[in-house]
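Listed here are the chains, written in short residue letters.
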Amino acid sequence: MTESKVWFVTGASSGFGRCMTEYLLKQGHKVVATLRKPEVLSDLVSQYPPTQLVVVKVDVTQNPAIAAAFNKAQEAFGRIDVVFNNAGQMITAEVEAVNEADARGLFDINFWGAAQVSREAVRFFREVNNPRGGRLLQVSSGLGLVGQTACAFYCASKHALEGFSESLAYELDPAWNIKITVIEPGPFLTQISQANCHMPPVHPAYADPSLGSSRFRARFVQANLYDGDPDKACVAFERVSCLEDPPMRLPLHRLVLELVVGKAKSLLELVDKYGSWSDDIYFD
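Now for a look at the structure at hand. Residue numbers restart at each chain and count upward from 1, following the sequence in its written direction. Predicted model: local features are reported for residues with pLDDT of at least 70 only, side-chain atom pairs are reported and counted for 80 or more only, and whole-chain, interface and lining totals are derived from all residues. Each side-chain value is derived from all of the structure's non-hydrogen atoms; neither hydrogens nor water enter the calculation.

1. Points about the pairing of strand β2 (residues 30-35)
Part 1: Relative accessibility decides the category of a residue: with a 1.4 Å probe and only protein chains considered, values under 20% of the type maximum give buried, values over 50% give exposed, and everything between is partly exposed. We count a stretch as a helix when DSSP gives it H or I for four or more residues in a row; a strand needs E for two or more, and each element gets its number in order from the N terminus. The buried fraction of β2 amounts to five of the six residues, a majority that puts the element mostly inside the structure.
Part 2: Note on pairing: DSSP must find at least two bridges between two strands before they are called paired. Relative to β2, strand β1 (residues 6-9) is paired through four bridges, and the arrangement is parallel. From the neighbouring strand, V9 faces β2, where its bridge partner is A33.
Part 3: The handedness of the β1 to β2 crossover, carried by helix α1 (residues 15-26), is right-handed.
Part 4: As defined by bridge partners, β2 adjoins strand β3 (residues 53-57) across five bridges and the pair is classed as parallel. Bridging from a neighbouring strand, V32 pairs with V54 of β3.
Part 5: Crossovers are marked right-handed if the path from the first strand over the helix to the second runs clockwise, as seen with the strands pointing away from the viewer. With respect to chirality, the unit in which β2 leads through helix α2 (residues 42-47) into the neighbouring parallel β3 is right-handed.

Take a look at the structure:
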């Protein structure tokens, strides 16, 4: 068993957040579990003492609630070793089928909420932890690497999180001992495809079943797509948090690995084909 650590988990009500909370508690770690409806974790509260599990009501779209949760973590445990920045939602629909309010709401959670949690995590790791340091695990998606039909706004929010996280990692002073890893899961059997996914009706212009968005909608609800075991994924999440030199990104699923290879290949092909266009575009 690894050394007991203090974890701060967002989106702990379901999906990877719930799985990770359960796994960490079983491993003897201390957990600050944040979520919008604390009563969802009443079963875990009855199993574990407040010296190991602290449940805090947090809506990640509300900055004061995020700051208050970090303060409660300090009061309860004195430090945080790992932040599992996981809260998120998904919209599966064509761009024209998604209303602006829903799209903005998605970004408020997936990007702005995650960004504010990241700010608080960095401040806490640097100014509260003694010694300084900590690990920030950003839960993105394989769709943070590539675009996907019927997922434009979700993909955009995860692309934004990836660019933000990479830039933040470059800003950090190495003396602070803060490490960031962007986790890019594929189709694991979590509630992201159920309770946390909004699927508006298909836009009439895209109703043709041969179009990509219609095919993706049909595939998205098929159970056999989700062959990833979230409990096994949690083992990998903890494992990467323990690495002395963790990767900037952790693609996790055979389908995501295929996306990574395909994206890298396509970019290299673009450079080979159009690289010469950059030869003569400079001041003389």
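2. Structural notes on the packing of helix α4 (residues 100-127) against helix α5 (residues 152-171)
Part 1: Axes here refer to lines fitted to C-alpha atoms; in helices the fit is confined to the stretch in contact. Angles between the N-to-C directions go from 0 to 180 degrees. Running from N to C, α4 and α5 cross one another at 15°; their axes reach a closest spacing of 9 Å. By the angle between their axes, α4 is roughly parallel relative to α5. Considering how the two elements wind past one another, α4 and α5 form a crossing that is right-handed. Of the residues in α5, those in contact with A103, L106, F107, N110, F111, A114, A115, S118 and V122 of α4 are F153, Y154, A156, S157, K158, A160, L161, F164 and L168.
Part 2: Under the scheme applied here, ten amino acids are nonpolar (Ala, Val, Leu, Ile, Met, Phe, Trp, Tyr, Cys and Pro), four are charged (Asp, Glu, Lys and Arg), and all others, including Gly, are polar. When the residues that make up the contact of α4 with α5 are grouped by side-chain class, the tally is 14 nonpolar, three polar and one charged. Here is the rule for angles: anything less than 35 degrees is roughly parallel, anything more than 145 is roughly antiparallel, 65 through 115 is roughly perpendicular, and the remaining ranges are oblique. Note on convention: the crossing is left-handed when the near helix lies turned anticlockwise from the far helix by less than a right angle, right-handed when the turn is clockwise. Here, residues are in contact when the closest pair of their heavy atoms is within 4.5 Å.

3. Structural notes on the side chain of Q116
Part 1: The residue Q116 is located in helix α4 in this model.
Part 2: A relative accessible area of 14% places Q116 in the buried class.
Part 3: Those residues in contact with Q116, other than ones at most four positions away along the chain, are N63 and I66.

4. Some points on the packing of α1 against helix α7 (residues 230-241)
Part 1: Closest axis-to-axis distance for the α1/α7 pair is 9 Å, and the angle between their directions is 65°. In terms of orientation, α1 lies roughly perpendicular with respect to α7. Here α1 and α7 pass one another in a crossing that is right-handed. The residues of α7 that touch α1, namely those facing F16, C19, M20 and Y23, are P230, D231, A233, C234, V235, F237 and E238.

5. What to know about helix α6 (residues 212-220)
Part 1: If you check which residues of α6 are buried, you get S213, S214, F216, R217 and F220. Angularly, the buried residues of α6 cover 165° about the axis, an arc narrow enough to put them on a single face.
Part 2: Buried residues in α6 make contact with β5 (90-91) and β8 (197-198). Taken from the helix axis, the directions to the C-beta atoms give the arc we talk about.

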